[in-house]
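Chains, contacts and geometry: an overview
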Amino acid sequence: MTAEPRNRGRAQAVRDLKRSLILEAARTIFETEGLDGASLRAIAAEAGYTPAALYFHFESKEAIYAEVLQASLNNLREAMAAAVANTNGPAPGLRAAAMAFFKYYADNPRDLDLGFYLFRGGMKPKGLGRERDEQLNAGLAAALLPIAEAARAMGASQEEADLMMVDTFAHAAGLLLLAHTGRIRMFGTSAPGLMERYIDERIGQLERLVGAQAAAPALSFLKSND
């Protein structure tokens, strides 16, 4: 290898390191201040750079936030895929995927904050721009896909599988909010236990629905021959 490619490789390694340090610093600031309260100046100070130096790597605070959140969604997707890989059959796979989603955010509450664009002073959703929002929504949908795929493998229609995915997300988000704020204690129960119960009930409902749909043509045939 000549000196020029070697130098280019070293320069790229330095850029990658700086970018990584900026993202780590940004995550710390976002966790403390939220998107609304964070500033490029604070991120730069945490990373040990000047604000101007950040613009060599990112165009805006929102661009940094989007990349931090995308990394979180990638970790979520990997956790869910790993959980499903250790199962045998669609029903256990659906249960594993749903509980892996819940567990990831139960173990990483700051990632839940990132996902909902939480701010100091309460929940005030704010977009990161249409293109970034669409990309991040696609990242979340990709992470949740094992739930819909397992439902389809159980015999659900695409519409029913998508509904299962959305319902699971909504139910988990509600329980996680109760758990992380401590409100779950007033009900004298546990969020993981309620999540497991919900998923088992939904799997049972889906199995009964698919069974009824499979039996319908046979019943129709018998009636037509009465």
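Residues numbered from 1 in each chain as written. Predicted model: local features only at pLDDT ≥ 70, side-chain atom pairs only at ≥ 80, totals over all residues. Heavy atoms only, no water.

Turning our eyes to something else, we now look at the pattern of salt bridges. Across all of its chains, the model carries 10 salt bridges by this definition. With a closest N to O distance of 3.1 Å, arginine 130 and glutamate 134 form a salt bridge. Remark: glutamate 134 and arginine 130 occur in helix α7 (residues 130-153); sequence separation between them is four residues, near one turn of the helix. For arginine 130, a relative accessible area of 69% corresponds to the exposed category. A residue is classified by how much of its surface remains accessible, and glutamate 134, at 47% relative accessible area, is partly exposed. With its nearest N and O atoms 3.3 Å apart, the salt bridge here joins arginine 197 to glutamate 201. (Salt bridge = Lys/Arg side-chain N within 4 Å of Asp/Glu carboxyl O. Helix = DSSP H or I, 4+ residues; strand = E, 2+ residues; numbered from the N terminus. Buried < 20%, exposed > 50% of the residue type's maximum accessible area, 1.4 Å probe, protein only.)

So, about the packing of α7 against helix α8 (residues 158-181). Angle between the axes and distance between the axes are the two parameters that describe a pair of packed helices. Following both chains from N to C, one finds α7 and α8 inclined at 125°, their axes separated by 8 Å at the closest point. By the criterion of interaxial angle, the relationship of α7 to α8 is oblique. Crossing handedness for the pair α7 and α8: right-handed. Residues Leu140, Ala141, Leu144, Leu145, Ile147, Ala148, Ala151 and Arg152 of α7 lie in contact with α8, whose contacting residues are Gln158, Ala161, Asp162, Met164, Met165, Thr168 and Phe169. Within the contact of α7 with α8, the residues separate by chemical class into 11 nonpolar, two polar and two charged. (Axes fitted to C-alpha atoms, helices over the stretch in contact; angles between N-to-C directions. Parallel < 35°, antiparallel > 145°, perpendicular 65-115°, else oblique. Left-handed = near helix turned anticlockwise from the far one by under 90°. Contact = heavy atoms within 4.5 Å. Nonpolar A, V, L, I, M, F, W, Y, C, P; charged D, E, K, R; others polar.)

Before going further, it helps to examine the packing of aromatic side chains. Here a ring pair, both rings aromatic, is described through the centre-centre distance and the interplanar angle of the planes. Inspection of the entire model under this criterion finds four aromatic pairs. Ring centres 4.7 Å apart and planes at 75° place the aromatic pair phenylalanine 30 and tyrosine 65 in the edge-to-face group. In this pair, phenylalanine 30 sits in helix α1 (residues 3-37) while tyrosine 65 sits in helix α4 (residues 61-85), placing the two residues 35 residues apart along the sequence. We classify phenylalanine 30 as buried; its relative accessible area is 5%. A centroid spacing of 5.2 Å and a plane angle of 80° characterise the contact between tyrosine 104 and tyrosine 105, whose relative ring orientation is edge-to-face. Residue classification places tyrosine 104 among the buried positions, given a relative accessible area of 11%. Among the aromatic side chains, those forming a connected cluster through ring pairs are Phe101, Tyr104, Tyr105 and Phe169. (Phe/Tyr/Trp six-rings, centres within 6.5 Å; stacked < 30°, edge-to-face > 60°.)

In this section: the confidence of the model for the protein chain. Here the protein chain shows a mean pLDDT of 87. Residues at 70 or above account for 87%. Helix α5 (residues 90-107) holds the highest mean pLDDT among the elements of the protein chain, 96, whereas helix α9 (residues 191-224) holds the lowest, 81. (pLDDT = per-residue confidence, 0-100.)

On to the environment of serine 39, then. Within the secondary structure, serine 39 is located in the loop between α1 and α2 (40-47). Using a relative accessible area of 29% as the deciding quantity, one classes serine 39 as partly exposed. C-alpha separation for the pair serine 39 and proline 51, spaced 12 residues apart in sequence, amounts to 9.4 Å.

Phe30, Ile64 and Leu94 are the most contacted members of the largest nonpolar core, which totals 57 residues. Every element with two or more residues in this core is listed here: α1, α2, α4, α5, α6 (109-115), α7, α8 and α9. If one sorts the elements of this core by residue count, α5 sits on top with 10 residues. Beyond its immediate stretch of four places on either side in the chain, leucine 94 contacts Ile147, Ala150, Ala151, Met154, Met164, Ile199, Ile203 and Leu206. (Core = buried A, V, L, I, M, F, W, Y, C linked by side-chain atoms within 4.5 Å.)

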